[in-house]
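Chain residues, written in single-letter form:
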Amino acid sequence: MLDKTITEGINAAILAAGEIIMNADRNTETVEEKTGHANFVTSYDKAVQEMLKKRLLEILPEAVFVGEEEDVHREIQKGYSFIVDPIDGTTNFIRDMHCSTVSIGLLLDAEPVYAAIYNPYLSELFTAQKGQGAFLNGQPIHVSGKPLSESIILFGTSPYYPELAKKSFELLINLFNRALDVRRFGSAAYDLCMVAAGRAELFFEMQLSPWDYAAGSLIVKEAGGQATQLDGTPLSYGHPLSVLARGGQDEKI
Ligand code: IPD
Ligand code: CA
Ligand code: CA
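The rules behind these values
Residues numbered from 1 in each chain as written. Chains lettered and ligands numbered in written order. Predicted model: local features only at pLDDT ≥ 70, side-chain atom pairs only at ≥ 80, totals over all residues. Heavy atoms only, no water. Helix = DSSP H or I, 4+ residues; strand = E, 2+ residues; numbered from the N terminus. Rg over C-alpha atoms; globule rule 2.2 N^0.38 Å. Buried < 20%, exposed > 50% of the residue type's maximum accessible area, 1.4 Å probe, protein only. Contact = heavy atoms within 4.5 Å. Lys, Arg positive; Asp, Glu negative; His and termini not counted. Charge placed at Lys NZ, Arg CZ, Asp CG, Glu CD. 1 Å grid on protein atoms, 1.4 Å probe; cavity = no way out; pocket = protein on both sides within 12 Å on 5 of 7 lines; lining within 4 Å. Points joined across faces, edges and corners; volume = space filled by probe spheres on them. Nonpolar A, V, L, I, M, F, W, Y, C, P; charged D, E, K, R; others polar. Pairing = 2+ DSSP bridges. Axes fitted to C-alpha atoms, helices over the stretch in contact; angles between N-to-C directions. Near = heavy atom within 4 Å. Polar contact = N/O pair within 3.5 Å; in protein donor to acceptor, adjacent residues only side chain to side chain. Areas by Shrake-Rupley, 256 points an atom, 1.4 Å probe, with all protein chains shown as cover. Sits in = over half its atoms within 2 Å of the grid points. Donors = N, O, S within 2.8 Å, 3.2 Å for Na, K, Ca; no water.

**A look at the overall build of the chain**
Here is step 1: A count of helical and extended segments in the chain gives 6 helices and 14 strands.
Here is step 2: What you see for the chain is a C-alpha radius of gyration of 17 Å, in line with the 18 Å of a compact globule of 253 residues.
Here is step 3: Dimensions of the chain, computed from C-alpha atoms along their principal axes, come out at roughly 45 × 40 × 30 Å.
Here is step 4: Counting every position in the chain, which comprises 253 residues, the buried fraction comes to 54%.
Here is step 5: In the chain, 63% of the contacts between residues at least 6 apart in sequence involve partners at least 24 apart.
Here is step 6: Distance from the positive charge centre (21 side chains) to the negative charge centre (34 side chains) of the chain: 4 Å.

Dropping the structure here:
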């Protein structure tokens, strides 16, 4: 079990990150394009990350910090690492769609041990500690266990990898034909929380980075679901991978 000063410190930091997002001043915001299709970074992604880096390293000074907007991504190693997405759903944020999250994963020896994902627009704080269950604003959450025929399917388009679109949409059509319906929220971290909370049953994306899924994968598992690569192999947290999260019945997809 992690010390309460660590888990409560992470929760306080993520709520402060949400404040920055909610108070964003659109008149002074700057938007830059990064490499890859439809890949943006705003002054707020950078400001949130800077604040989180400072606060999280005050909580665990020995930890490695990996943040999406770092110029150089440090490798996770033995011991503690933070993997942080300061704004997951940057395009939604730029377009003011009110569906973005902050995601913090704490890893010990390269495996997630604590996760916090915050949706500041709905004041929803999802947390999980390894072996201790998953929670939404302190209340336990669980996957739904519904059959595929009653499932809501969530997916991400892997927008920065257009070469994966065909494969991705083929799988989507296949699942759509057997399930209830599909949704695309634009924040992979939030998609994973949706599966964990039993609001949706399946999420997939052909390529995600560790900051998109490190925290969410632990929340799904602690809520009783599965989070793996698309072919069922376990996730790792050092480089981009496909992600499949399931909270419905264990049917072949
Ligand atoms: C993106 C979001 C989106 C997913 C992309 C991610 P970002 O993260 O999670 O839902 O489809 O693959 O890169 O760039 O907004 O932090
Ligand atoms: Ca992201
Ligand atoms: Ca991001």
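**Details of empty space enclosed by the protein**
Here is step 1: Per the stated rule, a full pass over the model turns up 1 cavity of 30 Å³ or more.
Here is step 2: The calculated volume of the largest cavity comes to roughly 40 Å³.
Here is step 3: Every residue lining the largest cavity is listed: Leu-148, Ser-151, Glu-201, Leu-202, Arg-246, Gly-247, Gly-248 and Gln-249.
Here is step 4: Grouping the constituent residues of the lining of the largest cavity by class yields 2 nonpolar, 4 polar and 2 charged.

**Quick look at the sheet that holds strand E9 (residues 139-141)**
Note on sheets: strands pair through backbone hydrogen bonds, and any given pair is parallel or antiparallel.
Here is step 1: With mixed pairing, the 7 strands of this open sheet are ordered in space as E3-E4-E5-E6-E7-E8-E9. Since the sheet does not close on itself, it has two edges, and those belong to strand E3 (64-67) and E9, each with one partner. Between one strand and the next, the sheet's axes are offset by a mean angle of 20 degrees, whatever the strand orientation.
Here is step 2: As judged from the 4 bridges shared by E3 and strand E4 (residues 80-88), these two strands associate in the parallel manner. Looking at the pairing, Gly-67 lines up with Val-84 of E4.
Here is step 3: Helix-sheet contacts for helix H6 (residues 210-222) involve E3, E4, strand E5 (101-108), strand E6 (111-119), strand E7 (124-129), strand E8 (134-136) and E9, and the interaxial angle to E6 is about 100 degrees.

**Topic: the site of ligand 1**
Here is step 1: Taken together, 16 residues are adjacent to ligand 1, and Asp-88, Gly-89, Thr-90, Tyr-160 and Glu-205 come closest.
Here is step 2: Interatomic distance of 3.3 Å between a side-chain N/O atom of Glu-68 and an oxygen atom of ligand 1.
Here is step 3: Within the side chain of Glu-205, an N or O atom sits 2.5 Å from an oxygen atom of ligand 1.
Here is step 4: In the complex, 96% of the free accessible area of ligand 1, which totals 380 Å², lies under the protein chains.
Here is step 5: More than half of the atoms belonging to ligand 1 lie within 2 Å of the grid points that define the largest pocket.
Here is step 6: Contributions of two or more residues to the shell around ligand 1 are made by E4 and strand E12 (202-208).
Here is step 7: With 3 residues, the single largest contributor to the shell around ligand 1 is E4.
Here is step 8: Within the shell around ligand 1, the residues separate by chemical class into 5 nonpolar, 5 polar and 6 charged.

**Thoughts on the coordination of the calcium ion (ligand 2)**
In an ideal tetrahedron of four donors about a metal, each angle is 109.5 degrees. In an ideal octahedron of six donors, the angles are 90 or 180 degrees.
Here is step 1: Distances from the calcium ion (ligand 2) to its protein donors, namely Asp-85 (OD), Asp-88 (OD) and Asp-212 (OD), fall within the range 2.1 to 2.2 Å.
Here is step 2: Read in sequence order, the donor residues for the calcium ion (ligand 2) give the motif D-x2-D-x123-D.
Here is step 3: Between the calcium ion (ligand 2) and the calcium ion (ligand 3), the interatomic distance is 3.7 Å, and Asp-85 donates to each metal, bridging them.
Here is step 4: The class of Asp-85 is buried, set by a relative accessible area of 0%.
Here is step 5: Assessed through its relative accessible area of 6%, Asp-88 is described here as buried.

**Structural notes on the coordination of the calcium ion (ligand 3)**
Here is step 1: Within the protein, Glu-68 (OE), Asp-85 (OD) and Ile-87 (O) serve as the donor atoms for the calcium ion (ligand 3), at 2.2 to 2.3 Å.
Here is step 2: Going along the chain, you hit the donors of the calcium ion (ligand 3) in the pattern E-x16-D-x1-I.

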